[in-house]
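# Survey of secondary and tertiary structure
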Amino acid sequence: MTPLLYLAAEQKSADVTDWPDRVGWIVGLLLFIALVYWLMRQGWKWRGTLQGDVPPLPDAPSERGPVRLALSGRYHGSTTAGQWLDRIVAHGLGTRSRVELTLTDAGLDVVRPGASDFFVPADALREARLDKGIAGKVLTEGGLLIVTWALGDKLIDSGFRSDHAAEQAAWVTAINDMITTHITTEGTAR
C-alpha cells in the first residue's frame, strides 16, 4: 500500500488557468466593446447632423394659464410623425428621461430632469392617441401616449408613458378637445 501512496504524492496536476491568454482575451473584449460604443455614438452624432433642418424648439411663454392636467412618467423620444422608427435626435429630442408633463391653455410643457426641457404651443398640437410603440420602446396596445405636434413644417410624434397608465386616456381626450376648440375659435382648419 505504501508504493501507491508514494506514486500519488509525486504526480502533479496540470495548470488549469493560462493567465496571459485570459488577460489577452479580456483586454480584446473590452477594446471591442469600446469600439462598438464609439461607433454607436458616432452614428447618434451623424443622425443629429443629418437632422440639421429641424427648426429650434419654441420658447415657453411666461404666462401659461391654468393647469388642465399634470402627469409624471417617462419620455421615450420623438420621431417623424407616422414613422415610428425614425428617431429625431436634434435639440435633445432623442434623449430618454423622466418627465413632468403639464397641459395648460398655452400648450404642453415638457420638463425633463437631466435633459433639455421643451414646450409645445397649443396651436402646434395636432393629435393625441394611445399607441403601442415608438423608436426603441414597444409596449402593449395603448401603453404609450403619443402626441403629434408641428415644429416648423415638420410633424413630430413624441412618446410618453405615465406612471399611472390609466390617466393616459384622459390626456388623449383633453388634448384632442383642446385642438378642436382651438380650430373652432380660429375659424380655420390646419
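Everything below is about the structure shown above.
All figures in this text were calculated on a predicted structure; none of them were measured in a lab. (Residues numbered from 1 in each chain as written. Predicted model: local features only at pLDDT ≥ 70, side-chain atom pairs only at ≥ 80, totals over all residues. Heavy atoms only, no water.)

## Section: the pattern of salt bridges
Tallied over the full model, the rule gives six salt bridges. Here Arg68 makes a salt bridge to Asp105, at a shortest N to O gap of 2.8 Å. Remark: Asp105 occurs in the loop between strand E2 (97-104) and strand E3 (107-111) and Arg68 occurs in strand E1 (residues 67-80); sequence separation between them is 37 residues. A relative accessible area of 40% places Asp105 in the partly exposed class. Each member of the salt-bridge network shares a partner with another, and the members are Glu127, Arg129, Asp131 and Asp157. (Salt bridge = Lys/Arg side-chain N within 4 Å of Asp/Glu carboxyl O. Helix = DSSP H or I, 4+ residues; strand = E, 2+ residues; numbered from the N terminus. Buried < 20%, exposed > 50% of the residue type's maximum accessible area, 1.4 Å probe, protein only.)

## Quick word on the nonpolar core
If you look at the biggest cluster of nonpolar residues, it comprises 30 residues, and the most contacted ones within it are Leu101 and Trp149. Mapped by element, the contributors of at least two residues to this core are E1, E2, E3, strand E4 (118-121), strand E5 (125-131), strand E8 (144-151), strand E9 (154-162) and helix H3 (168-186). Element by element, the count of residues in this core is highest for H3, at six residues. With sequence-adjacent residues up to four places away left out, Leu101 is seen in contact with Leu69, Ala70, Leu71, Leu108, Asp109, Val110, Leu145, Phe160 and Trp171. (Core = buried A, V, L, I, M, F, W, Y, C linked by side-chain atoms within 4.5 Å. Contact = heavy atoms within 4.5 Å.)

## Observations regarding the sheet that holds E5
As summarised here, the arrangement of the seven strands in space is E4-E3-E2-E1-E9-E8-E5, forming an open sheet in which the pairing is antiparallel. Both outer strands of the open sheet, E4 and E5, are each paired with one neighbouring strand and no more. Averaged over all pairs of adjacent strands, the angle between strand axes in this sheet comes to 30°, irrespective of strand direction. Examined bridge by bridge, E2 and E3 share four bridges and lie antiparallel to one another. Looking at E3, one finds that Leu101 is bridged to Val110. (Pairing = 2+ DSSP bridges. Axes fitted to C-alpha atoms, helices over the stretch in contact; angles between N-to-C directions.)

## Overview of the environment of Pro66
By the secondary structure assignment, Pro66 is in the loop between helix H2 (19-50) and E1. On a C-alpha basis, the gap between Pro66 and Ala106 in space is 8.9 Å, while along the polypeptide they are 40 residues apart. With near-sequence residues (within four places) excluded, Pro66 lies in contact with Leu103, Thr104 and Asp105.

## Some remarks on the pairing of E9
Note: E1 against E9, seven bridges, orientation antiparallel. Across the sheet, Gly73 pairs through a bridge with Ser162, a residue of E9. Linking two consecutive strands that pair antiparallel, namely E8 and E9, is a turn of two residues; a positive phi of about 70° is found at Gly152 within it.

## Some words on a nonpolar patch on the surface
A cluster of nonpolar side chains, Ile26, Leu29, Leu30, Phe32, Ile33, Leu35, Val36, Trp38, Leu39 and Met40, forms an exposed patch at the surface whose accessible area comes to about 1000 Å². Turning to its location among the elements, Met40 is positioned in helix H2. (Patch = residues over 30% accessible without salt bridge, like charges linked within 9 Å, V, L, I, M, F, W, Y side chains within 5 Å. Areas by Shrake-Rupley, 256 points an atom, 1.4 Å probe, with all protein chains shown as cover.)

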